[in-house]
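Coordinate inspection notes
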Amino acid sequence: MAKDNKNNRGMTVEEAGRKGGEATARNHDREFYEEIGRKGGEATSKNHDREFYEEIGQKGGEARANQRDDDNDRDGKMSKAEAGRKGGEARARQRDND
């Protein structure tokens, strides 16, 4: 947690971050956020390997499966954890082919 710096700097780190975020939101449109999101995704792709995508896919699938109590009621469909794992593997293969 950030230290309360009101007495010596005027505002806390949280307040400065909130104000900066609000100013950015006022000054930029949806396209700006889509562009910086794409740039972040490209940077992540360059900095991580196949195992990273497999791991986050697995974790995402497991988290989603844990949110639901009715996992036994799937009518023969694959589990959400399995779907997440397969999605992570597919993304990793796609990244390897790029």
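One can find the structure itself at the top, above this paragraph.
Note that the structure is predicted; figures quoted are calculated from it, not measured.

Attention now moves to the overall build of the protein chain. The number of helices and strands found in the protein chain is 5 helices and 0 strands. Element order for the protein chain, N to C, with α for helix and β for strand: α-α-α-α-α. Counting across all 98 residues of the protein chain, residues that qualify as buried make up 12%. Considering only contacts within the protein chain whose residues lie at least 6 apart along the sequence, 40% involve residues at least 24 apart. Carbon and sulfur atoms make up 45% of the accessible area of the protein chain, which totals about 7900 Å².

Another point: the packing of aromatic side chains. Applying the stated criterion to the full structure yields 2 aromatic pairs. Seen from the ring of Tyr 53, Arg 91 lies directly overhead, with NZ or CZ sitting 5.2 Å from the centre.

The next thing to look at is the pattern of salt bridges. Applying the stated criterion to the full structure yields 10 salt bridges. Across the salt bridge formed by Arg 85 and Glu 89, the nearest N and O atoms sit 2.4 Å from each other. Of the two residues, Arg 85 and Glu 89 are both situated in helix α5 (residues 80-97); the distance of 4 residues between them amounts to about one turn of the helix. Across the pair Asp 96 and Arg 95 runs a salt bridge, and its minimum N-O distance is 3.6 Å. Residue classification places Asp 96 among the partly exposed positions, given a relative accessible area of 41%.

Calculation notes
Residues numbered from 1 in each chain as written. Predicted model: local features only at pLDDT ≥ 70, side-chain atom pairs only at ≥ 80, totals over all residues. Heavy atoms only, no water. Helix = DSSP H or I, 4+ residues; strand = E, 2+ residues; numbered from the N terminus. Buried < 20%, exposed > 50% of the residue type's maximum accessible area, 1.4 Å probe, protein only. Contact = heavy atoms within 4.5 Å. Areas by Shrake-Rupley, 256 points an atom, 1.4 Å probe, with all protein chains shown as cover. Phe/Tyr/Trp six-rings, centres within 6.5 Å; stacked < 30°, edge-to-face > 60°. Lys NZ or Arg CZ within 6 Å of the ring centre and 35° of its normal. Salt bridge = Lys/Arg side-chain N within 4 Å of Asp/Glu carboxyl O.

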